[in-house]
There are 2 protein chains.
Amino acid sequence: MVHWLLKLVTGRVIHLVEQPFVKIKHVEDQLVEKIADNMHTYGVSTTVGRVLGIIYMNRKAMTLDELSEATGMSKTRMSQVVREMVDLNIAEKVFEKGIRKDLYNVEQDYYQTFISLFTSNWQKAINKNKMFEKKLSAELKNILESDTLSEEMELKVNDLLKETKEWLDYYQWLSRLVDFFESGEIFMHVPKP
Amino acid sequence: MVHWLLKLVTGRVIHLVEQPFVKIKHVEDQLVEKIADNMHTYGVSTTVGRVLGIIYMNRKAMTLDELSEATGMSKTRMSQVVREMVDLNIAEKVFEKGIRKDLYNVEQDYYQTFISLFTSNWQKAINKNKMFEKKLSAELKNILESDTLSEEMELKVNDLLKETKEWLDYYQWLSRLVDFFESGEIFMHVPKP
DNA sequence: AACTTTATACAATAATTATTTTACGTAAAT
DNA sequence: ATTTACGTAAAATAATTATTGTATAAAGTT
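Rules and cut-offs
- Residues numbered from 1 in each chain as written.
- Chains lettered and ligands numbered in written order.
- Predicted model: local features only at pLDDT ≥ 70, side-chain atom pairs only at ≥ 80, totals over all residues.
- Helix = DSSP H or I, 4+ residues; strand = E, 2+ residues; numbered from the N terminus.
- Buried ≥ 20, exposed ≤ 12 C-beta atoms within 10 Å, placed from the backbone.
- Contact = placed C-beta atoms within 7 Å.
- Axes fitted to C-alpha atoms, helices over the stretch in contact; angles between N-to-C directions.
- Parallel < 35°, antiparallel > 145°, perpendicular 65-115°, else oblique.
- Nonpolar A, V, L, I, M, F, W, Y, C, P; charged D, E, K, R; others polar.
- Near = placed C-beta within 6 Å.
- Least-squares fit on C-alpha atoms with pLDDT ≥ 70 in both.
- Expected span 1.5 Å × (residues − 1).
- Domains from an automatic or database assignment.
- Pairing = 2+ DSSP bridges.

## Some points on the overall build of chain A
Each helix and strand counted, chain A has eight helices and three strands in total. Overall, chain A shows an N-to-C arrangement of helices and strands of α-α-α-β-α-α-β-β-α-α-α. Within the span of chain A, comprising 193 residues, buried residues form 27% of the whole. A fraction of 49% describes how many contacts in chain A between residues 6 or more apart in sequence connect residues 24 or more apart.

What follows is the structure, encoded as structure tokens:
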């Protein structure tokens, strides 16, 4: 960003004026690091979090080169990271006429970011499971038709069928839970401060 | 569990009777694997998920040796895994008189498991952040008192103070969100099917 | 048309996380 | 009083994930 300032720090005369700048930079860095750290809780890597924090603090979209510069990581890695972020719905590519490079921006609202991560995370799991349960349930019903089924086995199969049903219910609940967040209904019951 | 049955599979006479057993076992395994897989979404490793699934399907507490046998992993690993699970509040050590080995059991209610993982996960992050914000806020106020502060810098610091405040608010919200789940209030608004 | 710039695929390397092996302390069983 | 069983610490190894470097294709510039 304002790197010319940083270079002046060694100059004696301007030193006093620079001191606050350095401190501010330090606070900003700490904030970004904290955001990066927290991202583990959301199930994404530290680097994703760091990039999120950097763009967030920058207040406007950034290019891969700028991100690379800011993180000290390769441009390739930045490309990978922003793609992951776009997939997770926590960043978006923005077009700006006259600028050839891709620009990426992030949501400025914490709450929305939380919801995006929460929902994209769970939605994936929900979809995978609904399919699976159907397949399993069919498999079990098929076993029930076998005529060499002992009493004990039949009991077991029915138990598993019940299990499968409950599992499916649970995922239906999760699905509703995701809606509950995505629609913003959650804020009616847990209001923002 | 019922390993003696498995051993019979090669016997020709009992083969027809065993077929369903093998199929049932297969379904159970698939279920456990699915649970294990899903656990990624909760932010825990596959093995933790697998162990959860195994104990869950077993319907009663298991020892480290049994888990080791069931997963094919070392007892040491099982020790590590159950500890992690206890920390996450998704398993508990149970005592049974006459049995020397430690027994571990898991919650049989999916919903409760979800909540345990959700809350233990976030509670950790919340605690870490509350401290941090206080520290940062103090640091910023300190900078404000510097007399070599340019107009621009002062603006910046105030901006960061506001940022910090919002961040704190957000974590307060998360804290309430955790309560909302932990207290079971969530089920009043997103009822179980 | 030749040359840059940009993004990303792909293979190689580094770093982290998961797992096992060995070892040891403690508490029962003999 | 040994001996055996149990759980886990600590170090070593394996497996996975994160990161980089090289290469390439597509679009922009000269």
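## Regarding the packing of helix α3 (residues 46–58) of chain A against helix α5 (residues 75–87) of chain A
All names here are of chain A. The interhelical angle for the contact between α3 and α5, taken along N-to-C directions, is 85°, at an axis separation of 10 Å. Comparing their axes, α5 and α3 come out roughly perpendicular. Taken together, the residues of α5 that come into contact with α3 (itself represented by T47, V48, V51 and L52) are V81, V82, E84 and M85. Here the residues of the contact of α3 with α5 sort into six nonpolar, one polar and one charged.

## Considerations on the protein's contact with DNA strand D
By nearness alone, 17 residues border DNA strand D, and T47, M73 and R77 of chain A together with S79 and D102 of chain B come closest of all. Residue assignment for the surface near DNA strand D shows that the elements contributing at least two residues are α5 of chain A together with α4 (64–71) and α5 (75–87) of chain B. Among the residues making up the surface near DNA strand D, the classes are represented as two nonpolar, eight polar and seven charged.

## With respect to the relation of the copies chain A and chain B
Screw-axis analysis of chain A against chain B gives a translation of 0.0 Å along the axis, an RMSD of 0.1 Å, and a rotation angle of 180°. What the superposition gives is, in effect, a two-fold axis relating one chain to the other. Among all residues of chain A, the minimum C-alpha distance to the rotation axis is found for G43 of chain A, at 2.9 Å. Looking at the interface residues of chain A, 100% of them are also at the interface in chain B, so both copies use one shared face.

## Looking at helix α6 (residues 110–144) of chain B
Between the first and last C-alpha of α6 of chain B there are 51 Å, a value that for 35 residues agrees with the 51 Å anticipated at 1.5 Å per step. Of the residues making up α6 of chain B, those classed as buried are T113, F114, I115, S116, L117, N129, F132, L136, L140 and I143 of chain B.

## Looking at the interface of chain A and chain B
With 45 residues of chain A at the interface, the matching set in chain B holds 45 residues. Those elements giving two or more residues to the side of chain A that touches chain B turn out to be α2 (15–38), α6 (110–144) and α7 (151–182) of chain A. The greatest single-element share of the side of chain A that touches chain B, amounting to 13 residues, is contributed by α2 of chain A.

## Overview of the protein's contact with DNA strand C
Taken together, 17 residues form the shell around DNA strand C, and within it D102 of chain A together with T47, M73, S74 and R77 of chain B come nearest. Sorting the residues of the surface near DNA strand C by element identifies α4 (64–71) and α5 of chain A together with α5 of chain B as the ones contributing at least two each.

## Some details on the domain arrangement of chain A
Residues and elements named next belong to chain A. Parsing chain A into structural domains produces domain 1 (3–106) and domain 2 (110–189). Relative to domain 2, the C-alpha centre of domain 1 lies at a distance of 39 Å. Each partner contributes to the interface: domain 1 provides five residues, whereas domain 2 provides five residues. Residues of the side of domain 1 that touches domain 2, tallied by class, amount to three nonpolar, two polar and no charged.

## Quick word on the sheet that holds strand β2 (residues 91–94) of chain B
All names here are of chain B. A sheet is described by the order of its strands in space; here three strands give the open sequence β1-β3-β2, paired in antiparallel fashion. Each having just a single partner strand, β1 (62–63) and β2 make up the two edges of the open sheet. Pairing of β2 with strand β3 (residues 103–106) involves four bridges; the strand directions are antiparallel. Counted as the bridge partner of V94 is L103 from β3. In the packing of α5 onto the sheet, contacts are made with β2 and β3, and the angle to β2 comes to roughly 110°.

## Some points on the environment of L140 of chain B
You can see L140 of chain B is positioned in helix α6. Taking the C-alpha atoms as reference, L140 of chain B lies 8.2 Å from N158 of chain B; in sequence the two are 18 residues apart. Setting aside residues no more than four positions away along its own chain, L140 of chain B makes contact with V27 of chain A together with V157, L160, L161 and T164 of chain B.

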